[in-house]
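Next come the chains, spelled out residue by residue.
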Amino acid sequence: MSYASFDNVKDNRYRNNKYEDDLFFKKNSENRIIFHIDANSAFLSWDAVYRLQHGEGVDLREIPSVVGGDPKSRHGIVLAKSIPAKKFGVQTGESLMEAKIKCPKLTVVPPRFHIYIKSSNAMFDIFSEYTPIIQRYSIDECFLDVSENEEAKRDPYELAIKIKERIKVELGFTVSVGVSNNKLLAKMGSELKKPDAATTLFPHEIENKLWPLPVRELFMVGRATEKKLRTIGINTIGELAQCEVGVLKERMKSHGELVWKYANGIDHSLVRRENYIEMKGIGNSTTISFDVDTKEEAHMVLMSLVETCSMRLRDSGNICKCITVSIRNSDFINYSHQRVMSYETNCTDEIYKEVIRLFDEMWKDEPIRHLGIRLSQLSTAKNRQLTLFDYKDIKKKESFDSVIDEIRMKYGTDAVVRAKFIHSGLKPIRGGAGAESYPVMSSIL
DNA sequence: TCTGGGGTCCTAGGACCC
DNA sequence: TCTGGGGTCCTAGGACCC
């Protein structure tokens, strides 16, 4: 490998995981110290803290409670649960109906994302005092590379305890910290003990701490993978680790190899700071509170999604070349239709026209429960190619969009609304930047 | 089971080109 | 018309994460 070309390769390291066997990483991974820090029952804890600070007597964390959506508008799932609720068997992601059957006295509170974002930022600010290398994995999780922190070098576990205590004292909620020398092990470590705990999971501890766990507990082993593994007699992470890689690769392609590596604690990915993470796409979707069964209504819902989505696109400074529309029907069957366009755009109007075309081509004239759009193949707006022919028209649309954006930023998204929504009973604007919209890692890199 | 919303990555199959 | 192989791009759908 030529080191002269190393800098050119560097950018690609952030985009794919083909470099894990790179000597560079192997040589350095033993010296790295990585923390994974996870806020315990984040939404629920944060809501509880806010309520206490605003004079409410009850601590949601001490009673069976959940943060959840409104079943009437068909958003009724559990987003976060208290520990007392967990004791009743309440699970994140299940319907509120189910949760209430398990625990009839359950307290349900609606989510308040603006509060969660503040709590998340406050947590992040404290982490920033210990290292500049922080990856926000989601609203409630961070990876910290503290390899260069003097306290971490002396005793990483002590530092983990110190940070955890600071969060508790200064912000009023608890976190779980995982300590190791790569991200995967740090993440698995933070799962081992919670709430309010710090746990090491260094390579020499894998056999005792990680391998006895059910295979489903491993990062990247979901429902489908668990099933496949169990059919070949693999039930624990240890059994997966000791399995022949070839067998897994044959049955599950690259995913088989990936989970085998994770079971063995192998992961050479870097803690990536925010600015190194590029957006691949921007999407908004919504479950409508009733089944939509006319084209006109569907078009209006799509318009409300295009409004937010295109605004987010413009806000990010990007234009898109590919548009995807997805439908979930009343039987919960999903399907989608996408097109790469011959041009790139960030105009509400142009995106809407394409969205409508895609929808009309795909819709099977059946009741619709959920609609989504996604804008991808992004590039920076500055590089946009314009033909002389459409130059004037596009400039006009662009300035129109930017005026609307400005008004909405200043006075709220409802400040400007399309006339046809006014007596329609439909929401003119749907979706948004969302609380869980931090850049996501998919296979940890 | 009356079951959200925002992401990423992978794969299979088809179209098209050389 | 029959016979290929390799490469790339695109689409739809699935799996996984929080």
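All residue numbers here refer to positions counted from 1 along the written sequence of the relevant chain. Labels are handed out in written order, letters beginning with A for the chains and numbers beginning with 1 for the ligands. Selection of residues for local features in this predicted model requires a pLDDT of at least 70, selection of side-chain atom pairs for listing and counting requires 80 or more, and totals for whole chains, interfaces and linings are taken over all residues. For the side-chain quantities, the full set of heavy atoms in the structure was used; hydrogens and water were omitted.

### Thoughts on the overall build of chain A
For clarity, the threshold we go by: The helix count covers DSSP runs of H or I at least four residues long, the strand count covers runs of E at least two residues long, and both are numbered beginning at the N terminus. The buried label goes to any residue with under 20% of its type's maximum accessible area, the exposed label to any with over 50%, and the partly exposed label to all in between, with areas taken from a 1.4 Å probe on protein chains only. Any two residues having at least one pair of non-hydrogen atoms within 4.5 Å are treated as being in contact.
Within chain A one finds 16 helices and twelve strands. The buried share among the 445 residues of chain A stands at 48%. Contacts in chain A between residues far apart in sequence, at least 24 positions, make up 65% of those at least 6 positions apart.

### Some points on the nonpolar core
Going by this rule: We call a set of buried Ala, Val, Leu, Ile, Met, Phe, Trp, Tyr and Cys residues a nonpolar core when their side-chain atoms join them within 4.5 Å.
With 38 residues, the main nonpolar core has Phe35, Phe127, Ile167 and Phe173 as its most contacted residues. Listing elements by their share of this core, those giving two or more residues are strand E1 (34-39), helix H3 (42-53), helix H6 (113-127), strand E6 (141-145), helix H8 (156-171) and strand E7 (175-180). Every residue in contact with Ile167, bar those within four places of it in the chain, is listed here: Met123, Ile126, Phe127, Gly172, Phe173 and Val175. Residues Ile282, Tyr352, Ile368 and Leu426 belong to the second largest nonpolar core, which totals 32 residues.

### Quick look at unusual backbone geometry
With an omega dihedral of 0 degrees, the bond running from Lys194 to Pro195 counts as a cis peptide bond. Of note in this structure, Met220 is not a glycine but carries a positive phi near 80 degrees. Within the fold, Met220 resides in the loop between helix H10 (206-210) and helix H11 (223-231). A relative accessible area of 27% places Met220 in the partly exposed class. Non-glycine residue Phe332 carries a positive phi angle of around 70 degrees.

### A look at the pattern of salt bridges
Let me state the cut-off plainly: Salt bridges are defined as contacts in which a side-chain nitrogen from Lys or Arg sits within 4 Å of a carboxyl oxygen from Asp or Glu.
All told, the structure shown has 33 salt bridges when counted by the stated rule. With its nearest N and O atoms 2.8 Å apart, the salt bridge here joins Glu129 to Arg166. Here Glu129 is found in the loop between H6 and strand E5 (134-138), whereas its partner Arg166 is found in helix H8, with 37 residues between them in sequence. The exposure class assigned to Glu129 is exposed, which follows from its relative accessible area of 53%. As a salt-bridge pair, Lys397 and Asp349 come within 3.7 Å of each other at their nearest N and O atoms. Of this pair, Lys397 sits in helix H16 (residues 388-411) while Asp349 sits in helix H15 (residues 348-362), and the two are 48 residues apart along the sequence.

### A closer look at the confidence of the model for chain A
Stated precisely, the cut-off is as follows: A residue's pLDDT is simply how confident the predictor is in it, with values from 0 to 100.
Residues at a pLDDT of 70 or more form 89% of chain A, whose mean pLDDT is 89. Low pLDDT (under 50) marks residues 1-22, which in the prediction has 25 contacts with non-local residues, meaning those over four places away or in another chain. Here residues 434-444 is modelled with pLDDT under 50, and outside its nearest four sequence neighbours on either side it reaches 36 contacts, counting other chains as well.

### Some remarks on the environment of Ser29
Inspection of the secondary structure puts Ser29 in helix H2 (residues 23-29). For Ser29, a relative accessible area of 14% corresponds to the buried category. Between the alpha carbons of Ser29 and Asn181 there is a distance of 6.4 Å; along the sequence they are 152 residues apart. Setting aside chain neighbours within four positions, we find Ser29 in contact with Asn181 and His268.

### Details of the packing of aromatic side chains
Condition: The criterion for an aromatic pair is that two Phe, Tyr or Trp rings (for Trp, the six-membered ring) have centres within 6.5 Å, with stacked assigned to planes under 30 degrees apart, edge-to-face to planes over 60 apart and tilted to the rest.
Summed over all chains, the structure comprises eight aromatic pairs. Relative to Tyr116, the ring of Trp46 lies with its centre 6.3 Å away and its plane at 40 degrees, an arrangement referred to as tilted. Residue Trp46 is found in helix H3, and its partner Tyr116 is found in helix H6; the two are separated by 70 residues along the sequence. Tyr116 matches Trp46 in its accessibility class, with the two residues each being buried.

### Some points on the side chain of Arg369
This is how it is decided: Asp and Glu are treated as the negative residues and Lys and Arg as the positive ones, with His and the ends of the chain left uncounted.
Structurally, the position occupied by Arg369 is in strand E12 (residues 368-380). Of the buried charged residues, Arg369 lacks a salt bridge, with Asp291 as the closest side chain of opposite charge at 5.4 Å. With sequence-adjacent residues up to four places away left out, Arg369 is seen in contact with Arg74, Thr286, Thr287, Ile288, Asp291, Arg328, Asn329, Ser330 and Phe332.

### Regarding the protein's contact with DNA strand B
Keep this limit in mind: Any residue with a heavy atom positioned within 4 Å of a molecule or strand is treated as near that molecule or strand. We call Asp, Glu, Lys and Arg charged. Ala, Val, Leu, Ile, Met, Phe, Trp, Tyr, Cys and Pro are nonpolar, and the rest, Gly among them, are polar.
Among the 28 residues in the neighbourhood of DNA strand B, the closest are listed as Asn284, Ser285, Thr287, Arg312 and Arg374. Of everything in DNA strand B that lies within 4 Å of the protein, sugar and phosphate atoms constitute 74%. Among the secondary structure elements, those contributing two or more residues to the surface near DNA strand B are helix H13 (245-263), strand E9 (281-292) and E12. Top contributing element to the surface near DNA strand B by residue count: E9, with seven residues. Residue composition of the surface near DNA strand B, grouped by class: six nonpolar, 13 polar and nine charged.

### Regarding the sheet that holds strand E8 (residues 197-200)
Threshold: Strands are labelled as partners when DSSP assigns at least two bridges between them. To obtain each axis, a line is fitted to C-alpha atoms, and for helices this fit is confined to the stretch in contact; angles are then taken between N-to-C directions over 0 to 180 degrees.
Reading across from one edge, E5-E6-E1-E7-E8 is the order of the five strands in this open sheet, with mixed pairing throughout. Edge positions in the sheet fall to E5 and E8, since each has one partner strand and no second. Neighbour-to-neighbour, the strand axes of the sheet open up by a mean angle of 15 degrees, direction not taken into account. Each of E1, E7 and E8 is contacted by H8, which is oriented at about 160 degrees to E8, the strand it contacts most.

### Observations regarding the side chain of Ser138
Rules: Any N or O atom pair separated by 3.5 Å or less is treated as a polar contact, with the protein-specific requirement of one donor-capable and one acceptor-capable atom, and with residues adjacent in sequence counted only for side-chain atom pairs.
Residue position: Ser138 is located in strand E5. Relative accessible area serves as the criterion here: at 17%, Ser138 is assigned to the buried category. Reaching out from Ser138, the side chain makes a polar contact with the side chain of Asp140 at a distance of 2.7 Å.

### Side note on the sheet that holds strand E4 (residues 107-109)
In sheet architecture, strand pairing relies on hydrogen bonds along the backbone and comes in two forms, parallel and antiparallel. The three strands are arranged E3-E2-E4 in an open sheet whose pairing can be described as mixed. Pairing within the sheet leaves two strands with one partner each, and these edge strands are strand E3 (78-81) and E4. Strand-to-strand twist of the sheet, defined as the mean angle between neighbouring strand axes without regard to direction, takes the value 30 degrees. Strand direction decides the pairing type here: strand E2 (residues 65-68) and E3, joined by three bridges, are antiparallel. In the sheet register, Val67 faces E3, and the bridge partner there is Ala80.

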